[in-house]
Amino acid sequence: MEAGGLPLELWRVILAYLHLPDLGRCSLVCKAWYELILSLDSTRWRQLCLGCTECRHPNWPNQPDVEPESWREAFKQHYLASKTWTKNALDLDSSVCFSLFRRRRERRTLSVGPGHEFDSLGSALAMASLYDRIVLFPGVYEEQGEIVLKVPVEIVGHGKLGEVALLASIDQHCSTTRLCNLVFMPAWFSPFMFKTTSGHVQFDNCNFENGHIQVHGPGTCQVKFCTFKNTHVFLHNVPLCVLENCEFVGSENNSVTVEGHPSADKNWAYKYLLGLIKSSPSVLPTEDPDSLMSLDLESRDQAWSPRTCDIVIEGSQSPTSPASSSPKPGSKAGSQEAEVGSDGERVAQTPDSSDGGLSPSGEDEDEDQLTYRLSYQVRGPRPVLGGSFLGPPLPGASIQLPSCLVLNSLQQELQKDKEAMALASSIQGCLIRKCLFRDGKGGVFVCSYGRAKMEGNIFRNLTYAVRCIHNSKIVMLRNDVHRCRAAGIFLRLEGGGLIAGNNIYHNAEAGVDIRKKSNPLILCNQIHHGLRSGIVVLGNGKGIIRNNQIFSNKEAGIYILYHGNPVVSGNHIFKGRAAGIAVNENGKGLITENVIRENQWGGVDIRRGGVPVLRSNLICFGYSDGVVVGDEGKGLIEGNTIYANKGCGVWMMSSSLPHVSSNHVSYNGLYGVAVFSQKDGSGEFPGGHGAQENFSEDGDAILWETELEKDDDPLRRPVTTALVESNSINHNGASGLYVQSSEALHIVTNVIHANGDRGITVAQSGQLTRVANNSISCNRQSGVKVEAQCKVELRGNGIYDNRGHGIITKGDSTVVIENDIIGNRGSGLQLLPRSDTKVIKNRIHSFRAYGIAVRGRAKALVQENIIFQGKTNKTIFQQISNNRDCVMQNNKFLVFKKKSDTWRLVNPPARPHLDNSLRGPSAAHGGQKVTAMATRITARVEGGYHSNRSIFCTIL
């Protein structure tokens, strides 16, 4: 630039001495001068902004140590805002023509104080004209009567904030006024320091102490850089009010109350305030819409196909008939013979074999003995979430979620949800932005159809942060809510709105409390380290809880009870000290597509009449059970991936009539699915939780019980018997499915594969346990074991390649009908003493032992079975010679006669046979994906897991 060729640094030093009007004139000289003026942002513009007595640091009070992006822009925004109150000056004359010739009246400045023109504010106001400026010099001004503002004026304190104190009660009757740099205190005769019913009032850089401010619609207000100490701001039917960069301290009640629906009658300032809000920076970030990450959900459906099974025989030796025949001593085959365990159950000692496709069980046998091949696929429900969690968990490895499970940002969610975007962009009622609420009772109270929007505020050390009741609506964006002595955000009596992008933590009660038909949208929040639950929904509360991170809370991440019925989807709920989600006391809810991991107690805990729909969730790496269905718990558990929990995959009580369908249950430490009927002390709550929990703040828990809604949810199928159907239960540490129940139970169309103990263990069954059309394969011990005094029906199952017996039973009423029991290392079917069994129309083959072995005085009817010969030195059937209680009728025994004999399971094909009537609800949908699982047995059983109690299953 020119001007003597002075360097830019020197010009900056010179220009730093100019005042604001002179800087404006210099910026108009040329482009180079304009850019030079802009370059003074961190020097002169910063000095002007901080030196202004009418404003404070742009990021006060929440971040006073953080510099704004531009000091010049911050100063500009405050300057424009400070002039809002004068925007109606040109509207005073109705005639545009006369206004062109009207002589502009100069604003007068009236001085008040000792030694000045006026002694009191009242006397100055009596002489003031339109838009005059009244300056109060340092001192304390106490007005003995109510001051009525009849003309628009500006009242400003001279000097530093705190040097001018005004003890008065002001009633505004004019269209507009501005008060700046004052300390307000209530007069002796009234707690109201300021009130207006129709005009616009603007407060800048003021302190309010121990009083009330009241604004009635259509009146409006604009408050910035003010401190409220034990002061209540009451806004009634306001169309629009703005509270920005304010501090609220030590309130004995609510700091701000917003009551009534925004008035349809708006004053002149409404459009100017609306324009000012839209021109100021928003707390919502802007992102490229093309960067949206959608949750790539795979098919929820499952598909089943007919099983194929070939039995290939190679050899020429005829079978030996004596029952006492045994392999040659010292032979290799004898060294790998299955060892007999307790109750005659065999546990194979051979190395791990393939879990599917090919079972070369006779690789190390003598050449003249059997070579056996079993060819089939294990097919089950494809997990919706957690498709990458099909293999065994790596010990000590950190948990890495696939990219499809990463949560979307708030902006991405708003772009996907137009209704949420409309809520986030709406401006109605009261806007509270960048304020600090601390060390008092209440923050913001919205009631009676009120509307309030809160952006970028901090609420701390309060009894509660926000209460929304009586059909009111709130919008909360990117606020910090922490260390409240009760719930952080409380909604009741049909309150609603949007709660998004907030950080809610360290609260004594729930982070968000939803009651009595309230229905908010809770989106993209972090709710963590609460001393109770993260979110509580009760008393017919509803709501959509989506895409939140809920973690490290002392009680359940989400607690649903007393007919609460929210939609919970796409959340990450992890590292809680209790259950991830608890549904209790007749709670409902649709819980779908959440990632629930690393919680101390059950991932999902359902008790006491809870009846949720739990669908398509990933429940993994918990320190106890994946899903617990306790006493009187109900609901539909469908399509979930339940993986690598240290306890059971699903622990449930059959008396609760749960419906467990189409889940992928794998690599859990104990049972895949455990079914009990005995009470487990679920009414006792360790640690002082649960039973002592008090949610009836106003003593209205009884009312919630009477406010029953009609239960016509189409998502819930009526179930009269506990049902476990169409699940894939594999690679769990103990039995795939363990039953100890006195109620009826149906186990239908499941894939039970490669578990560390038996496939199915029925330890107690007072009523009939029906096991139908299941695939039970490659389990470390027997396929099915039935204990004494159990009533079990096994029909249409495929029991393949288990390392113990196919079926071993002591039951006094066991029916084994139309099953394929093929390729198991022990006997195909072993009947133990005092058992009573009907074995009808089965196809039975054993790899090493007998097709059917009857031990002791077992009672049996063996009729119309096809029994294939297994090992050449064993008979097909074994029983004691004098057992008259074992009846054999019309059975077909197949032995090999020449090398390369092949037996194929046809007419019917290999079981299980599945039709649409037996499939789970998900199988009815189209677009199914079929996947073959070929996994290896890696889970181990390290002790007995026959306790009838869930680990840490009691709800908090």
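Residues numbered from 1 in each chain as written. Predicted model: local features only at pLDDT ≥ 70, side-chain atom pairs only at ≥ 80, totals over all residues. Heavy atoms only, no water.

Going by the annotation in an unreviewed UniProt entry, the name recorded for the protein chain is F-box only protein 10, with Equus caballus given as the source organism. Recorded in UniProt for the protein chain, the comment headed Subcellular location (unreviewed entry) runs: "Cytoplasm". (UniProt positions renumbered as here; feature names shortened; annotations may be inferred.)

1. Concerning the packing of aromatic side chains
For the structure on display, the rule yields 16 aromatic pairs. Relative to phenylalanine 208, the ring of phenylalanine 203 lies with its centre 5.1 Å away and its plane at 85°, an arrangement referred to as edge-to-face. Comparing phenylalanine 203 with phenylalanine 208 shows no difference in burial state: the two are buried. Between phenylalanine 437 and phenylalanine 459, the ring centres sit 4.8 Å apart and the planes meet at 10°, which makes this aromatic pair stacked. Highlighted residues: phenylalanine 437 in strand E24 (residues 436–447) and phenylalanine 459 in strand E26 (residues 458–468), separated in sequence by 22 residues. By relative accessible area, which is 0% here, phenylalanine 459 ends up buried. One aromatic cluster is present, built from ring pairs that chain together Phe184, Phe194, Phe203, Phe208, Phe228, Phe248, Phe437 and Phe459. The ring centre of phenylalanine 192 lies 5.7 Å from the NZ or CZ of lysine 195, which sits over that ring. In this structure, lysine 266 packs its charged tip against the face of tyrosine 270, placed 5.1 Å from the ring centre. (Phe/Tyr/Trp six-rings, centres within 6.5 Å; stacked < 30°, edge-to-face > 60°. Buried < 20%, exposed > 50% of the residue type's maximum accessible area, 1.4 Å probe, protein only. Helix = DSSP H or I, 4+ residues; strand = E, 2+ residues; numbered from the N terminus. Lys NZ or Arg CZ within 6 Å of the ring centre and 35° of its normal.)

2. Considering the confidence of the model for the protein chain
Averaged over all residues, the pLDDT of the protein chain equals 79, while 75% of them reach at least 70. Mean pLDDT values for the elements of the protein chain range from 37 in helix H9 (residues 332–335) up to 98 in strand E31 (residues 503–505). Low confidence marks residues 286–308, where pLDDT is under 50. Its contacts with residues over four positions away, or in another chain, come to 72 contacts. (pLDDT = per-residue confidence, 0-100. Contact = heavy atoms within 4.5 Å.)

3. Some thoughts on the environment of isoleucine 499
You can see isoleucine 499 is positioned in strand E30 (residues 496–500). Isoleucine 499 sits in the buried class, given a relative accessible area of 1%. Note: C-alpha distance between isoleucine 499 and isoleucine 522 (23 residues apart in sequence) is 4.8 Å. Residues within four places of isoleucine 499 in sequence aside, it is in contact with Ile474, Met476, Ile489, Leu491, Val512, Leu521, Ile522, Leu523 and Asn525.

4. Description of unusual backbone geometry
Here glycine 217 and proline 218 are connected by a cis peptide whose omega angle stands at 5°. Positionally, proline 218 belongs in the loop between strand E13 (212–216) and strand E14 (220–224). Geometrically, the link from asparagine 907 to proline 908 is a cis peptide bond, its omega value of 0° lying close to zero. Inspection of the secondary structure assignment puts proline 908 in the segment after strand E77 (901–904). The residue asparagine 205 is not glycine, and still its phi comes out positive at about 55°. As for its position among the elements, asparagine 205 is in the loop between strand E11 (200–204) and strand E12 (207–209). Owing to a relative accessible area of 4%, asparagine 205 belongs among the buried residues under this scheme. A positive phi angle is found at serine 662, which is not glycine, with a value near 60°. Exposure remark for serine 662: the relative accessible area of 5% places this residue in the buried category.

5. Some thoughts on the pairing of strand E33 (residues 519–523)
Across a regular strand the side chains alternate sides, sitting on one face of the sheet and then on the other. Burial of E33 is extensive: four of the five residues sit out of reach of the surface. Note: E30 against E33, five bridges, orientation parallel. Across the sheet, alanine 500 pairs through a bridge with leucine 523, a residue of E33. Summarising the sheet, E33 and strand E36 (residues 544–546) pair through three bridges and their orientation is parallel. The partner of isoleucine 522 across the bridge, within E36, is isoleucine 545. (Pairing = 2+ DSSP bridges.)

6. Some points on the pairing of E13
As judged from the four bridges shared by strand E10 (residues 192–196) and E13, these two strands associate in the parallel manner. Pairing of threonine 196 across the sheet is with valine 215, part of E13.

7. Quick word on a nonpolar patch on the surface
A surface patch of nonpolar side chains, amounting to about 470 Å² of accessible area, comprises Leu6, Leu10, Val13, Ile14 and Tyr17. Positionally, leucine 10 belongs in helix H1 (residues 8–15). (Patch = residues over 30% accessible without salt bridge, like charges linked within 9 Å, V, L, I, M, F, W, Y side chains within 5 Å. Areas by Shrake-Rupley, 256 points an atom, 1.4 Å probe, with all protein chains shown as cover. Salt bridge = Lys/Arg side-chain N within 4 Å of Asp/Glu carboxyl O.)

8. Focus: the environment of glycine 539
The residue glycine 539 is located in the loop between strand E35 (535–538) and E36 in this model. Residue classification places glycine 539 among the buried positions, given a relative accessible area of 0%. Sequence separation of glycine 539 and arginine 515 is 24 residues, and the distance between their C-alpha atoms is 5.1 Å.

9. Quick word on the pattern of salt bridges
Any two side chains of opposite charge can pair if their charged atoms end up close together. For the coordinates displayed, the defined rule picks out 27 salt bridges. Glutamate 244 is paired through a salt bridge with arginine 433; the nearest N and O atoms lie 3.3 Å apart. Here glutamate 244, found in strand E17 (residues 240–244), pairs with arginine 433, found in strand E23 (residues 429–433); they are 189 residues apart in sequence, far enough to count as distant. Residue glutamate 598 is joined to arginine 597 by a salt bridge in which the shortest nitrogen-to-oxygen separation is 2.3 Å. Each member of the pair, glutamate 598 together with arginine 597, is buried.

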